[in-house]
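Residues per chain are reported as follows:
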Amino acid sequence: MRIARFSIDGNVAFGAVEGDKPDELVLDIIKGIPFTDFELSGTKVPLNKVRLLPPVLPNKVVAFGRNYAEHARELGNEVPDAPFAFFKPSTSVIGPGDEIQYPTFSNEVHHEAELAVVIGRMCREVPRERVKDVILGYTCANDITARDVQKREKQWARAKGFDGACPLGPWVETDVDPSDLTIQCTVNGQQRQLGRTSEMIHSIEDLIVNITEAMTLLPGDVILTGTPAGVGPLNVGDEVAVTIEGIGTLTNKVIKRG
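Scoring rules and cut-offs
- Residues numbered from 1 in each chain as written.
- Predicted model: local features only at pLDDT ≥ 70, side-chain atom pairs only at ≥ 80, totals over all residues.
- Heavy atoms only, no water.
- Phe/Tyr/Trp six-rings, centres within 6.5 Å; stacked < 30°, edge-to-face > 60°.
- Helix = DSSP H or I, 4+ residues; strand = E, 2+ residues; numbered from the N terminus.
- Buried < 20%, exposed > 50% of the residue type's maximum accessible area, 1.4 Å probe, protein only.
- Disulfide = S-S within 2.5 Å.
- Pairing = 2+ DSSP bridges.
- Axes fitted to C-alpha atoms, helices over the stretch in contact; angles between N-to-C directions.
- Core = buried A, V, L, I, M, F, W, Y, C linked by side-chain atoms within 4.5 Å.

## Concerning the packing of aromatic side chains
All chains considered together, the criterion is met by four aromatic pairs. Aromatic pair Phe 86 and Trp 156: ring centres 5.1 Å apart, planes at 65 degrees, arrangement edge-to-face. You can see Phe 86 sitting in strand 7 (residues 84–88) and its partner Trp 156 sitting in the loop between helix 2 (147–152) and helix 3 (157–161), a full 70 residues away along the chain. When the centroid spacing of 6.1 Å and the interplanar angle of 80 degrees are considered together, the rings of Phe 105 and Phe 162 count as edge-to-face. With Phe 105 in the loop between strand 9 (99–102) and strand 10 (109–111) and Phe 162 in the loop between helix 3 and strand 14 (166–173), this residue pair connects regions lying 57 residues apart in the sequence. With relative accessibility at 5%, the residue Phe 162 sits in the buried group.

## Looking at unusual backbone geometry
The omega torsion of the bond from Gly 169 to Pro 170 falls at 5 degrees, within 30 degrees of zero and hence cis. On the secondary structure map, Pro 170 appears in strand 14. Phi at Arg 66 is positive, roughly 55 degrees, even though this residue is not glycine. In this fold, Arg 66 is placed in the loop between strand 6 (61–65) and helix 1 (69–74). By relative accessible area, which is 24% here, Arg 66 ends up partly exposed.

## Focus: the state of the cysteines
In total, this model carries zero disulfides according to the counting rule given. Sulfur of Cys 123: no disulfide; nearest cysteine sulfur belongs to Cys 166 and is 18 Å away. Left unpaired, Cys 166 is separated from the closest cysteine sulfur, that of Cys 140, by 12 Å. Taking the relative accessible area as the measure of exposure, Cys 166 reaches 0% and is therefore buried.

## Observations concerning the sheet that holds strand 16 (residues 190–196)
Strand order in the open sheet formed by five strands is 9-20-19-15-16, and the pairing between neighbours is mixed. Only two strands of the sheet have a single partner each, and these edge strands are strand 9 and strand 16. Each neighbouring strand pair of the sheet contributes to a mean axis angle of 20 degrees, computed without reference to strand direction. Judged from the six bridges that link them, strand 19 (residues 239–244) and strand 20 (residues 248–256) form a sheet pairing that is antiparallel. Of the residues in strand 20, the one forming a bridge with Glu 239 is Lys 253.

## Examining the nonpolar core
If you look at the biggest cluster of nonpolar residues, it comprises 44 residues, and the most contacted ones within it are Leu 115, Ile 135, Tyr 138, Ile 208, Ile 223, Ile 244 and Ile 247. Taken together, the elements giving at least two residues each to this core come down to strand 6, strand 9, strand 11 (113–119), strand 12 (135–142), strand 15 (182–187), helix 4 (204–212), strand 19 and strand 20. Ranked by residue count, the leading element in this core is helix 4, at five residues.

Structure, rendered in structure tokens:
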């Protein structure tokens, strides 16, 4: 099931996306929220009549860096022996079609296409064999990074946590095997990144076991699983799109801040 979060006539709701052709997609509005047992209302609205929002509003986004060997090497970094985590605040999250405002404190902003895992239930110290039980589904993410700031500052809070630095969407796909999916990033229609989730150094199971040893994850929290090689600069006016096989495409435009 594809679960979208959307607004229509000033109201926010979740809906199940139905259909195959982009211009014929409809939303069957969900009664309640998708983190508990829910029913479809049978009330349907065309997708092109609503505004898609970030598919979840996470309490926290836990991101894992250098989880693809070629990406680590392209930036001159060693491949980590263990998962390497950092955070992006909830205020960095934007949705499909939202604008990425180029931060005024950076001159080198990069795209990083990633598979995002959406947590479906409160969990802590999750054993490997139970990881699938705590996952609601998967979505596309773009770990927007102020690369010059990341290089200059020892902490990554500003480089990866500024407003708009975490586009998510277009929806959560609950029925896909994430082990070997194509990840692609284009800028103005030109391919920049192309990889597969099977190239991850540490699996999704590794990442969730690792982070839940330390902290509780809540429904709607998001795990970013790393980016393949090919990251590069974005400029004001660019349109950047992240496409993940079996999930969909997340598209955002870069604008001047303020």
